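# Summary of the model geometry
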Amino acid sequence: MGLDTENDYHSLEALPSKKDIENKEGSRESMKVLGFWQVVFTVTNGMIGPVILVVPYSFALVGVHGWIMYAFAFFMFWFTGHCLYRAQMSRPGSMLYQSYPEIGGGLLGPRGRSAIGLSITVELIGLCAAFVVIVGDNLVKVQPLLYLFGVELNKTSWILAFTACVLPTVLMQNYGVLADMSKIGVVVCFSIPVIVIGSHIINPVTNYYAPEDIVIEGPGFNYENLPLALGIVSVAYTTHAIFPTVVARMKHIEEFPRVLQLSFGAVTAFYLLAGAGFYLYGKSTDPQITFNLPESSQLLISYAIIVTIFLKFALMLNPVILELEEIALKNPTLRRWLVQMDARSSFSSSKAATTATMSPNTKRAIPSIRLFLVGCTVGTAVVVPYIALIHSAVGIFWSTCVCVVIPCILALQLRDWSSFERMIIWTLMVFGILIMIVGLYQNVLNIYRCYNGTNEINNMCN
């Protein structure tokens, strides 16, 4: 059945909350199911995604010593991850905070919880928009089947076409099949640096690029473009939002600091390997590195990327969907408005999805909320259709806020830091705020320059 009456919403609201379930169980022991290596894989997989395509371009923005930026990022994001862990462990009694917003609520009050929830929501919408832009670029490249009819679509048209195809997966309630199939994307993302380097070994870059097109120009470290590059780096390391949830499900919570060291170390090494693309293609490095490959190699990778993002899109939006649906159910005015919206919608007459495995609290979807989120995502992708700039803009402001500034603010509410640790926390927080302001200004300026054709940074507006 669809959500045709207000009673449907009341029935959802009456379902037991996570807190009620935990109180009935009396303890969290039954939730502790993740071993050490499972958590390492979860955290590592949370960081490595389609952003791997843009990592070489972050090197191109700052120069041959771009590895220094990633070494600093390793320390910064590892340390703030540790800050978040300490904040989660600070709850009085034996219970842990169960989620990132819950930590904010416990240490900063209701406004802190709301601010963290909003930040994570906007960040995820921005990341999904970046995914859509990647798909648009790849569909423009391959033009599936249309070449048979001599027709070509532009990026905006492909973005809208992809949205129409992916929308049914967002309206689904059971993501079990998508979650299983999306694991294919892990293999695709991990294989991209290997493919780039292997392609050069088999078919050297000089066979299809003139030597003067692949030289590395500019200073060894270009500080002018650092905020733009750090935006991409922030997206590459953004996974802090899942840390509290993962910690709450660990068998041995005290092992999480070691998880952070291993995961961030492995990911940093992988990103340095991915940066090899810049050293191969120099100033011709494309914001999406696979477009530098010979055309025969591009098609297969492009299709793999499109399928990967198709399978992951709904999963990426799912945390935001559940949060907004929960808020809607608790607000009588908003609930009544949604009842009216969904009653008029063609989706309300469709058969109900099966009971969701993603959340114990929700039995049915609220189509209007899901359509709104997809609309926000697509609108962002259409307005900022530049793969490097959309990653940088989302990363430098929202990812830096979620993964650097807020963990530092939470950490400063605790008293068990040494003077040296407290100095590092203050330094990273101030640095994060400054880089957010400067980076946002640079991104807005470069988006404007892309629109009027005056951007002078190589390939930035691709």
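Residues numbered from 1 in each chain as written. Predicted model: local features only at pLDDT ≥ 70, side-chain atom pairs only at ≥ 80, totals over all residues. Heavy atoms only, no water.

### A look at the overall build of the protein chain
To keep it simple, the criterion reads: A run of H or I in DSSP counts as a helix once it spans at least four residues, and a run of E counts as a strand once it spans at least two, with each numbered from the N terminus. Each residue is placed in one exposure class: buried if its accessible area under a 1.4 Å probe, protein chains only, is under 20% of its type's maximum, exposed if it is over 50%, and partly exposed if it falls in between. We call two residues in contact whenever any of their non-hydrogen atoms come within 4.5 Å of each other. Accessibility throughout is a Shrake-Rupley quantity obtained with a 1.4 Å probe, and a residue counts as covered only by protein chains that appear here.
Summing up its helical and strand segments, the protein chain has 19 helices and zero strands in all. Looking at the protein chain as a whole, 52% of its 462 residues qualify as buried. Expressed as a percentage of contacts within the protein chain between residues at least 6 apart in sequence, the contacts between residues at least 24 apart total 83%. Accessible surface, the protein chain as shown: approximately 20,500 Å² in total, 65% of it carbon and sulfur.

### Describing helix 15 (residues 295–330)
So the rule is basically this: One fewer than the residue count of a helix, multiplied by 1.5 Å, yields its expected span. The angle separating two fitted axes, one through the seven residues that finish at a residue and one through the seven that start at it, defines the bend at that residue.
Under the 1.5 Å per step criterion, the end-to-end length of helix 15 is 53 Å for 36 residues, consistent within 8% with the ideal 52 Å. Of all the bends in helix 15, the largest measures some 40° and sits at Asn 318, one to four residues before the proline Pro 319.

### Points about the packing of aromatic side chains
Centre distance and the angle of the planes are the two values used to describe a pair of aromatic rings. We count it as follows: Note on aromatic pairs: the rings of Phe, Tyr and Trp (six-membered ring only in Trp) are paired at centre separations within 6.5 Å, and the planes decide the class, stacked below 30 degrees, edge-to-face beyond 60, tilted for the rest. For a Lys NZ or an Arg CZ to count as sitting over a ring, it must be within 6 Å of the ring centre and within 35 degrees of the ring normal.
For the structure shown, the criterion picks out 24 aromatic pairs. Ring geometry for Trp 78 and Phe 79: centres 6.2 Å apart, planes at 65°, overall edge-to-face. These aromatic residues form a ring-pair network of at least three members: Phe 59, Tyr 70, Phe 77, Tyr 85, Tyr 237, Phe 243, Phe 256, Phe 264, Tyr 271, Phe 278 and Tyr 279. Here Lys 141 stacks its cationic end above the ring of Phe 291, 4.7 Å away from the centre of that ring. Geometry around Phe 36 places Arg 258 over its ring, the cationic atom sitting 4.2 Å from the centre.

### Considering the packing of helix 8 (residues 155–171) against helix 15
Definition in use: Fitting a line to C-alpha atoms yields each axis, with helices limited to the stretch in contact; the angle taken between N-to-C directions then spans 0 to 180 degrees. The cut-offs work like this: below 35 degrees is roughly parallel, past 145 is roughly antiparallel, 65 to 115 is roughly perpendicular, and the gaps in between are oblique. Two helices that cross are described as forming a left-handed crossing if the nearer one is turned anticlockwise from the farther one by less than a right angle, and a right-handed crossing if clockwise. Residue polarity is assigned by list, with Asp, Glu, Lys and Arg as charged and Ala, Val, Leu, Ile, Met, Phe, Trp, Tyr, Cys and Pro as nonpolar; anything else, Gly included, falls into the polar class.
Running from amino to carboxyl end, helix 8 crosses helix 15 at an angle of 55°, the nearest separation of the two axes being 9 Å. Taken together, the axes of helix 8 and helix 15 lie oblique to each other. Every pair of crossing elements has a handedness; the one defined by helix 8 and helix 15 is right-handed. In this structure, helix 8 contributes Phe 162, Cys 165, Val 166, Thr 169 and Val 170 to the contact, and helix 15 contributes Ile 309, Phe 310, Phe 313, Ala 314 and Ile 321. Tallied by class, the residues present in the contact of helix 8 with helix 15 amount to nine nonpolar, one polar and no charged.

### Focus: the side chain of Gln 88
On the secondary structure map, Gln 88 appears in helix 5 (residues 66–88). For Gln 88, a relative accessible area of 1% corresponds to the buried category. Sequence-distant contacts of Gln 88, that is, excluding residues within four places in its chain, are made with Leu 96, Tyr 97, Ile 103, Phe 243, Pro 244, Val 247 and Ala 248.

### Overview of the pattern of salt bridges
The criterion, for reference: A side-chain nitrogen of Lys or Arg and a carboxyl oxygen of Asp or Glu constitute a salt bridge if their distance falls within 4 Å.
In the structure shown here, the tally under the stated rule is five salt bridges. For Lys 283, the salt bridge is made with Glu 217, and the minimal N-O distance between the two is 3.4 Å. Here Glu 217 lies in the loop between helix 10 (184–202) and helix 11 (226–237) and Lys 283 lies in the loop between helix 14 (276–281) and helix 15, a separation of 66 residues in the sequence. Between Glu 255 and Arg 258 there is a salt bridge, with the nearest N and O atoms lying 4.0 Å from each other.

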